[in-house]
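An overview of the molecular structure
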Amino acid sequence: MSVLIVGSTALDSIKTPKAENPRLLGGSASHAAVAASFFSPVNLVGVVGDDFPKRYVQLYQRHHIHLEGLQVRPGKTFHWSGEYETNMNNRRTLLTELGVFETFTPELPAAYRTAPFVLLANIAPALQHHVLDQMRRPKFVVADTMDLWLNIALDDLLRLLRRLDGFVLNDSEARQLTNDDNLLSALKKLHQLGPKYVIIKLGSHGSILSGPKGFFLCPAYPLRTVVDPTGAGDSFVGGMMGFLAAAKGGVEKNIRQAMIHGSVVASFCCEGFGLQRTAKLNRAQIEKRVRELKAMTRV
Ligand code: AMP
């Protein structure tokens, strides 16, 4: 089964203490789509400008990502720039140039509207609503978000939560949204806002799922060297959704395996700038790391 992914498609300029890389392929939807493509067919929805390099279109194509929903508009592609501190966890945004993203309205080609799995990757909640309005009875809808939307579009986000099956956010966003420092009570409050499945991402410490059958603590694959963590969260949720779309049986049966696979794809993402490492990945390398991660966490 296929997964529909909508979000930002961007050019990222990233600075770390060791190196600087301008205009890499980035954006929440790009990271999520490439991650999902290792498991299932992907329908991408996004917008780029006429400056978007051809080699990035070819990268999507090499991963068999359907691009019918990728709009190309006159103007500049969304450009985001961030800088990491020495610990590679703290990041500050240096620049956000919206370009064609400013007037973006996601329009779904007819063939996309019946996709059973929908990932609303990080994008304004009003646009996430607009995508759902066009879908025909999806089986499993998950959204990701960021602190910006909690600050400037909270009402839209709260309305969106009532339309979701799953919600993914990081720990600081969970604390901000629920006003609760304890993750377990924050999870309970998040369920009360709508979604049956809530996943709180804990960066290099993995993630925690709360669902109808209780909790699951998903480990992160330990890395000696992190080159660039940009897009790790998107890779995690993209990999998870791709795995779920391909798996036999229901979401409840597969979501823990899906999270482990997402976690592994995210670990590869951190080993290169932008999508450079993820784009060279294959399924066998993912499965090898999945086995290692399981062996490391088995009791
Ligand atoms: P993450 O590292 O998971 O927080 O995701 C980083 C990605 O988010 C980068 O590739 C950026 O292009 C993208 N991004 C940054 N700001 C925004 C924004 N306001 N809306 C959508 N995507 C964004």
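Description of the structure in this document.

Rules behind the numbers
Residues take numbers from 1 onward in each chain, read along the sequence in its written order. Residue-level local features of this predicted model are given only where pLDDT is at least 70; pairs of side-chain atoms are given and counted only at 80 or more, and the full residue set underlies all totals for whole chains, interfaces and linings. Excluding hydrogens and water, the side-chain values take into account all heavy atoms of the structure. Note on classification: 1.4 Å probe, protein chains only; a residue is buried when its accessible area is under 20% of the maximum for its type, exposed when over 50%, partly exposed between these limits. Each helix is a run of H or I in the DSSP string that is no shorter than four residues. Each strand is a run of E no shorter than two, and both are numbered from the N terminus. This arc describes the spread of directions from the helix axis toward the C-beta atoms. Polar contacts, as counted here, are pairs of nitrogen or oxygen atoms within 3.5 Å of one another; within protein the pair requires one atom able to donate a hydrogen and one able to accept it, and residues that are adjacent in sequence qualify only if both atoms are side-chain atoms. By convention in this text, a residue qualifies as near a molecule or strand provided that one of its non-hydrogen atoms is within 4 Å of it. Exposure was quantified through the Shrake-Rupley algorithm and a 1.4 Å probe, taking into account, for residues, occlusion by the shown protein chains and nothing else. Note on pairing: DSSP must find at least two bridges between two strands before they are called paired. Between the N-to-C directions of two axes lies an angle of 0 to 180 degrees, each axis being a line fitted to C-alpha atoms and, for a helix, fitted only over the stretch in contact. For this analysis, residues touch if any pair of their heavy atoms sits within 4.5 Å. Only buried residues count toward a nonpolar core, which is a set of Ala, Val, Leu, Ile, Met, Phe, Trp, Tyr and Cys residues joined through side-chain atoms within 4.5 Å.

Turning next to helix α7 (residues 183–192). Residues of α7 that are buried include every one of Leu183, Ala186, Leu187 and Leu190, and no others. Along α7, the residues classed as buried sweep out an arc of 100 degrees about the axis, all on the same side. Of the exposed residues in α7, those oriented more than 90 degrees away from the buried face are Lys188 and Gln192. By the N-cap criterion, in which a side-chain oxygen at the helix start approaches the backbone nitrogen of a residue two or three places on, α7 is capped by Asn182, the distance to Leu184 being 2.8 Å. In the stretch just after α7, Gly194 is the one whose phi turns positive, near 145 degrees.

The next thing to look at is the site of the ligand. Lining the immediate environment of the ligand, one finds 16 residues, of which Ser8, Asp12, Gly27, Arg91 and Gly231 sit closest. The backbone of Gly27 places a nitrogen or oxygen atom 2.7 Å from an oxygen atom of the ligand. At a separation of 3.0 Å, an oxygen atom of the ligand approaches a polar side-chain atom of Asp234. Look at the ligand: alone it shows 510 Å² of surface, and the protein chains cover 87% of it.

With that out of the way, let us pick up the sheet that holds strand β7 (residues 91–97). Pairing in this open sheet of four strands is mixed, and the strands run β3-β2-β6-β7 from one edge to the other. Two strands lie at the open edges of the sheet, namely β3 (20–26) and β7, each paired on one side alone. Here the strands of the sheet are splayed against their neighbours by 20 degrees on average, with no regard to which way each runs. As paired elements, strand β6 (residues 79–84) and β7 share six bridges and run antiparallel to each other. Note on β7: the bridge partner recorded for Gly82 is Thr93. Helix α2 (residues 54–62) contacts β2 (10–15) and β3 of the sheet and is inclined by roughly 50 degrees relative to β3.

This part covers the pairing of strand β13 (residues 214–218). In the sheet, strand β12 (residues 207–211) pairs with β13 via five bridges, with the strands oriented antiparallel. When the sheet's bridge partners are listed, Gly211 is paired in β13 with Gly214. Two successive antiparallel strands, β12 and β13, enclose a turn made up of two residues.

Time to look at the environment of Ala111. Relative to the helices and strands, Ala111 resides in the loop between β7 and β8 (117–120). Measuring from C-alpha to C-alpha, the distance between Ala111 and Asn43 comes to 9.1 Å, with 68 residues separating the pair along the chain.

Turning our attention to the nonpolar core. When a protein is soluble and globular, its nonpolar side chains tend to lie buried together. Counting residues in each nonpolar core, the largest one holds 59 residues, and the members touching the most others are Ile5, Met240, Met241, Leu244 and Met259. Here this core takes nine residues from helix α9 (residues 251–269), the largest share from any one element. Not counting chain neighbours up to four residues away, the residues in contact with Leu244 comprise Phe117, Phe140, Val251, Asn254, Ile255 and Ala258. Counting 45 residues, the second largest nonpolar core, distinct from the first, contains Val45, Leu132, Val141 and Leu187.

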